[in-house]
Amino acid sequence: MSESSNQEIDQDKEVNTNANGQDNTISQTVEEQTAFPPPPREGFFNERKEPEPAKRGFGGCFWVIILGLFATFLTVIITVGVVIAGAVSSFQSSLGEFSEASGAGSSFQESVVSGDSSSHNKIALINIKGIITNQETGGLGSASNASAPQINKRLKHILDDYSVKALIVRIESPGGEVTASDEIYHMLMKIKQERNIPVVASMGSLAASGGYYIACGCDKIVAHKMTTTGSIGVIIQTYKYYDMFQKIGLKGEAYTSGPMKAMLSGDRPTTEAEMDIVSDLVMIVYDDFVRIVAEGRPDLSVEDIKSSELGDGRVFLGSQAYENGLVDQLGYFDDAVKLAAEMAGLNNYKVVSLNTPFTLAHIFGQVEEKSSNLKIQFPGDGGFKLEKGRIYLLPPE
């Protein structure tokens, strides 16, 4: 072959070689990219970053809390609304009968205790429970005290209600303040005089001292045979702590306008003159107490009471009181109701009590009464506060 032909053959081989090499390179490159990932490049993009945890935003929790509080608030509002609506509805339904019988605008709610609820003849019931005080309250009193102002408001209502044919005073009290007991007694006497209706006292487990004082304003007294009653006496009390002061090195000083201004002070002994003054006060009240008892018990005179055990301040069981003429009959509350009906000449009647209308105080409670420094605890009275310097118709401690 010629030299030029050989050169062409060599050129063709070179072209084929290049072509084959290019094809092989492309094929190899595709296979490598398919089988193995390319090696990482050096630098910033070579660093793999871990995925960041999801952020817990406060916004969602905040709205959940707000919605929860709103739901709770709404529930409370609905509950209180239901309670108030139910109480008002109950009050209005019971008030309907009362308003028809006693006139609109009355400040009391009437509830039937016993008897024929359709009867127009009413025997009114007044409860006197606890220590008798002059403290003004929203109802008859607290759980342990009987409020004379509130009791007299009910008695005044009865005085003006001519559908009331008889009155029962149910007493569960050891007594209390002299003036408070006397104010209730005075209102009972006024009802008897102006309305000329029978008034019957029904004694519970305890009707002593001021409680018995009030019972003497009634026409008849019915006591349980186990009632604790009597205690015709007066007490004024203070505490002497000067011996304790001497032991701990304490001494009290009082600057007064007169020598008797601090006669009940407990930081020093009581003088004879002070004792005489206090004793005179007690005896004046005692004489009035005995007079009230004698007027309420026609078979007993002032002298009979003062000269016997009846007037020495002791208490009696109901059966003993009956034997001594302090009560008229032994029995229960139902017996007092029957007696009141017989005295009023009633065959058909209903026994009703007067209650204060519904207020928010019944739901949320009342403000606690103010406390004092001294107190005497009577069984079941919840801790009555005996104030220094006041005169009481109460049993001794």
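Residues numbered from 1 in each chain as written. Predicted model: local features only at pLDDT ≥ 70, side-chain atom pairs only at ≥ 80, totals over all residues. Heavy atoms only, no water.

1. What to know about the packing of aromatic side chains
Alright, step 1. Evaluation of the coordinates by the stated rule reveals three aromatic pairs.
Alright, step 2. For the pair Tyr 241 and Phe 245, a centre-to-centre distance of 4.9 Å together with 55 degrees between the ring planes defines the contact as tilted.
Alright, step 3. Accessibility expressed as a relative area gives 31% for Tyr 241, which makes it partly exposed.
Alright, step 4. Among the aromatic residues, those joined into a cluster by ring pairs are Tyr 185, Tyr 213 and Phe 289. (Phe/Tyr/Trp six-rings, centres within 6.5 Å; stacked < 30°, edge-to-face > 60°. Buried < 20%, exposed > 50% of the residue type's maximum accessible area, 1.4 Å probe, protein only.)

2. What to know about the nonpolar core
Alright, step 1. Of all hydrophobic cores here, the largest spans 56 residues; its most connected members are Ile 128, Leu 155, Leu 167 and Ile 232.
Alright, step 2. Listing elements by their share of this core, those giving two or more residues are strand E2 (122-129), helix H3 (148-160), strand E5 (164-173), helix H4 (178-195), strand E7 (199-208), helix H5 (210-215), strand E8 (220-223) and helix H7 (272-296).
Alright, step 3. Tallying contributions element by element places H7 first for this core, with nine residues.
Alright, step 4. Sequence-distant contacts of Ile 232, defined by excluding residues within four places in its chain, comprise Tyr 212, Tyr 286, Phe 289, Val 290, Val 293, Ile 305, Leu 310, Gly 311, Asp 312, Gly 313, Arg 314 and Leu 326. (Core = buried A, V, L, I, M, F, W, Y, C linked by side-chain atoms within 4.5 Å. Helix = DSSP H or I, 4+ residues; strand = E, 2+ residues; numbered from the N terminus. Contact = heavy atoms within 4.5 Å.)

3. Section: the confidence of the model for the protein chain
Alright, step 1. In the predicted model, the protein chain carries a mean pLDDT of 78, and the fraction of residues at 70 or more is 66%.
Alright, step 2. Every residue in residues 15-27 scores below 50 in pLDDT, and together they form zero contacts with partners more than four places removed in sequence or on other chains.
Alright, step 3. This model gives residues 364-383 a pLDDT under 50, and the stretch forms 33 contacts once residues within four places in sequence are excluded. (pLDDT = per-residue confidence, 0-100.)

4. Some details on the side chain of Ser 353
Alright, step 1. The topology assignment puts Ser 353 in strand E12 (residues 350-355).
Alright, step 2. Of note is the side chain of Ser 353, whose polar atom sits 2.9 Å from the side chain of Ser 111.
Alright, step 3. Here Ser 353 is in contact with Gln 109, Glu 110, Ser 111, Val 113 and Leu 125, once residues within four sequence places are set aside. (Polar contact = N/O pair within 3.5 Å; in protein donor to acceptor, adjacent residues only side chain to side chain.)

5. Focus: the pattern of salt bridges
Two side chains with opposite charge may pair up if their charged atoms get near one another.
Alright, step 1. Per the counting criterion, the structure on display carries eleven salt bridges.
Alright, step 2. Asp 160 serves as the salt-bridge partner of Lys 156, at 2.8 Å between the closest nitrogen and oxygen. Linking Lys 156 with Asp 160, this pair stays in helix H3, spanning four residues, or about one helical turn.
Alright, step 3. In this structure Lys 156 comes out as partly exposed when scored by relative accessible area, which is 38%.
Alright, step 4. Across the pair Arg 291 and Glu 295 runs a salt bridge whose closest N-O atoms are separated by 3.0 Å. You can see Arg 291 and its partner Glu 295 sitting in helix H7, four residues apart, about one turn around the helix.
Alright, step 5. Arg 291 gets classed as partly exposed once you look at its relative accessible area, which sits at 35%.
Alright, step 6. We classify Glu 295 as partly exposed; its relative accessible area is 48%. (Salt bridge = Lys/Arg side-chain N within 4 Å of Asp/Glu carboxyl O.)

6. Quick look at the environment of Lys 190
Alright, step 1. Mapped onto the elements, Lys 190 comes out in helix H4.
Alright, step 2. The sequence separation of Lys 190 and Leu 159 amounts to 31 residues, and the corresponding C-alpha distance is 8.3 Å.
Alright, step 3. Each residue touching Lys 190, except ones within four places of it in the same chain, is listed here: Leu 159 and Arg 195.

7. Observations regarding a nonpolar patch on the surface
Alright, step 1. Together, Tyr 239, Tyr 241, Met 244, Ile 248 and Leu 250 make up a nonpolar patch on the protein surface, roughly 470 Å² of accessible area in all.
Alright, step 2. With respect to the helices, strands and loops of the structure, Tyr 241 is situated in the loop between strand E9 (228-230) and helix H6 (242-248). (Patch = residues over 30% accessible without salt bridge, like charges linked within 9 Å, V, L, I, M, F, W, Y side chains within 5 Å. Areas by Shrake-Rupley, 256 points an atom, 1.4 Å probe, with all protein chains shown as cover.)

8. Here's the deal with the pairing of E12
Alright, step 1. For E12, the tally of buried residues reaches five of six residues, placing the bulk of the element in the interior.
Alright, step 2. Where strand E1 (residues 109-115) lies against E12, six bridges are found, and the strand directions are antiparallel. By the bridge assignment for E12, Gly 115 is matched with Lys 350.
Alright, step 3. The sheet contact formed by E2 and E12 spans four bridges and is parallel. Paired with Ala 124 across the bridge in E12 is Val 352. (Pairing = 2+ DSSP bridges.)

9. Quick word on helix H10 (residues 333-344)
Turn by turn, an α-helix covers 3.6 residues, leaving residues three or four places apart pointing in a common direction.
Alright, step 1. Helix length check: H10, at twelve residues, gives a terminal C-alpha distance of 17 Å against a target of 16 Å (1.5 Å per residue), a fit within 8%.
Alright, step 2. Residues of H10 that are buried include every one of Phe 333, Ala 336, Val 337, Leu 339, Ala 340 and Ala 341, and no others.
Alright, step 3. Of the surrounding elements, those touching the buried residues of H10 are E2, E5, E7, E8, strand E11 (329-330) and E12.
Alright, step 4. Directly after H10, the chain includes Gly 345, whose backbone phi takes a positive value near 70 degrees. (Expected span 1.5 Å × (residues − 1).)

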